[in-house]
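Single-letter residue listing:
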Amino acid sequence: MLLQDIRTRTVYQAQMDGQPLTVGRGADRCRLVLSSDKSISRSQLTLTWQNGHMLLTDNSTYGTYVNGRRAEGVVELQQNDTLHMGNSDFMIQWSLS
């Protein structure tokens, strides 16, 4: 799974190994650390791969937005969705193999 910062083109990559993947800027809390934007929560969101679907759960106070809509509860993601966290936008992609 990868997140690409749309503005800087920086790519963040992590392996989806069957365990939930916490994303944020807290190196002590997250398996995928996004340290470039201090307005991203230390534990912004959790990604889970379940029955062939990528699911997002927002853990933050100020929200995570998927394609411009605030994520509430569990949100099913699609390839190339745009995730807005803090002051940054990311495109998400993953491999099915």
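Residues numbered from 1 in each chain as written. Predicted model: local features only at pLDDT ≥ 70, side-chain atom pairs only at ≥ 80, totals over all residues. Heavy atoms only, no water.

**Concerning the sheet that holds strand β5 (residues 45-50)**
Taken in spatial order, the 5 strands make up an open sheet running β4-β3-β5-β6-β9, and their pairing is mixed. Looking at the sheet topology across the chains shown, the edges are occupied by β4 (32-33) and β9 (74-77). With 2 bridges connecting them, strand β3 (residues 21-24) and β4 associate as parallel partners. Looking at the pairing, G24 lines up with V33 of β4. (Pairing = 2+ DSSP bridges. Helix = DSSP H or I, 4+ residues; strand = E, 2+ residues; numbered from the N terminus.)

**Here's the deal with the nonpolar core**
Formed by 22 residues in total, the largest nonpolar core has its most connected members in M1, L3, L47 and L77. The set of elements that each furnish at least two residues to this core consists of β3, β5, β6 (53-58), β9, β10 (82-85) and β11 (88-93). Sequence-distant contacts of L3, defined by excluding residues within four places in its chain, comprise T10, V11, Y12, V23, L32, L34, L83, M85, F90, M91 and I92. (Core = buried A, V, L, I, M, F, W, Y, C linked by side-chain atoms within 4.5 Å. Buried < 20%, exposed > 50% of the residue type's maximum accessible area, 1.4 Å probe, protein only. Contact = heavy atoms within 4.5 Å.)

**Some points on the pattern of salt bridges**
As enumerated under the stated definition, the model contains 1 salt bridge in all. Notably, a salt bridge pairs D17 with R31, separated by 3.4 Å at the nearest N-O pair. Taken together, the positions of D17 in the loop between β2 (11-13) and β3 and R31 in the loop between β3 and β4 put the pair 14 residues apart, joining distant regions of the chain. According to the relative accessible area criterion, R31 is partly exposed, its value standing at 40%. (Salt bridge = Lys/Arg side-chain N within 4 Å of Asp/Glu carboxyl O.)

**Points about the sheet that holds β10**
With antiparallel pairing, the 6 strands of this open sheet are ordered in space as β2-β1-β11-β10-β7-β8. Unpaired on one side and paired on the other, β2 and β8 (69-70) mark the two borders of the sheet.

**Some points on the pairing of β9**
Here β9 shows one buried face, formed by V75 and L77, and one open face, formed by V74 and E76. Examined bridge by bridge, β6 and β9 share 4 bridges and lie antiparallel to one another. Pairing of T57 across the sheet is with V74, part of β9.

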